Amino acid sequence: MSDTGMYVTLLVVSIALTFLVGRLLVTAGEPFLQEVFQDAKVTRSVNLLLSVLFHLITLGVLAIISVADFADGEEPLQTFVVKLGVVLLVLGIAYGISMLVLIRVRERRRADQVSEQVQERLAERSAPAPRPVVEPQISTQPVIPKRQI
């Protein structure tokens, strides 16, 4: 295979893998985001934004990898395999970072919820107990004035 053929093959395989991993990230990240945002529209929106970010960064790095020389003087097939290996490593690292971000967002949200619950309970404990309202007792007996002697 010619150098151009290997270059085009590397780009096609890299782009296909990038979109496959990106799709997996969107699918796997949805439950994390749903737990954090608890709103389907917001979850979908954030998920799409993260997906675009993942694709842009990964495709940019892959474009750089495709023109970099990793194996000087090697056979074209060996160069192709080395570049494909670097592509897979980049995809793995990008996927791992994306999942770590999703996990951190979820953990931070959980910590915020626990903190809110603790604050509410502390507020309930420190609030003064309501005093019972004492109403004056009204007698139904007629009042008879005392005689003065």
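In case you missed it, the structure is sitting above this.
A few words now on the packing of helix α1 (residues 3–37) against helix α3 (residues 76–126). In a packed pair of helices, the relevant descriptors are the angle between the two axes and the axis-to-axis distance. For the pair α1 and α3, interaxial distance at closest approach is 10 Å and the crossing angle is 15 degrees. In terms of axis orientation, α1 runs roughly parallel to α3. Crossing handedness for the pair α1 and α3: right-handed. Residue classes in the contact of α1 with α3 are distributed as 23 nonpolar, five polar and six charged.

Contact geometry of helix α2 (residues 40–67) with α3 gives a least axis separation of 10 Å together with a crossing angle of 160 degrees. Relative to α3, α2 is oriented roughly antiparallel. In this structure, α2 crosses over α3, and the sense of that crossing is right-handed. Residues Leu-50, Phe-54, Thr-58, Val-61, Leu-62, Ile-65, Ser-66 and Val-67 of α2 pack against Lys-83, Val-86, Val-87, Val-90, Leu-91, Ala-94, Tyr-95, Ser-98 and Leu-102 of α3. Residue classes in the contact of α2 with α3 are distributed as 13 nonpolar, three polar and one charged.

For the rest of this paragraph, the subject is α2. End to end, α2 covers 41 Å across 28 residues, agreeing with the expected 40 Å (1.5 Å per residue, within 8%). Every buried residue of α2 is accounted for by Thr-43, Asn-47, Ser-51, Phe-54, His-55, Thr-58, Leu-62, Ile-65 and Ser-66. On its buried face, α2 sits against α1 and α3. One side-chain oxygen at the N-terminal end of α2 lies 3.3 Å from the backbone nitrogen of Lys-41; it belongs to Asp-39.

What counts, and where the lines are drawn
Residues numbered from 1 in each chain as written. Predicted model: local features only at pLDDT ≥ 70, side-chain atom pairs only at ≥ 80, totals over all residues. Heavy atoms only, no water. Axes fitted to C-alpha atoms, helices over the stretch in contact; angles between N-to-C directions. Helix = DSSP H or I, 4+ residues; strand = E, 2+ residues; numbered from the N terminus. Parallel < 35°, antiparallel > 145°, perpendicular 65-115°, else oblique. Left-handed = near helix turned anticlockwise from the far one by under 90°. Nonpolar A, V, L, I, M, F, W, Y, C, P; charged D, E, K, R; others polar. Contact = heavy atoms within 4.5 Å. Expected span 1.5 Å × (residues − 1). Buried < 20%, exposed > 50% of the residue type's maximum accessible area, 1.4 Å probe, protein only. Polar contact = N/O pair within 3.5 Å; in protein donor to acceptor, adjacent residues only side chain to side chain.

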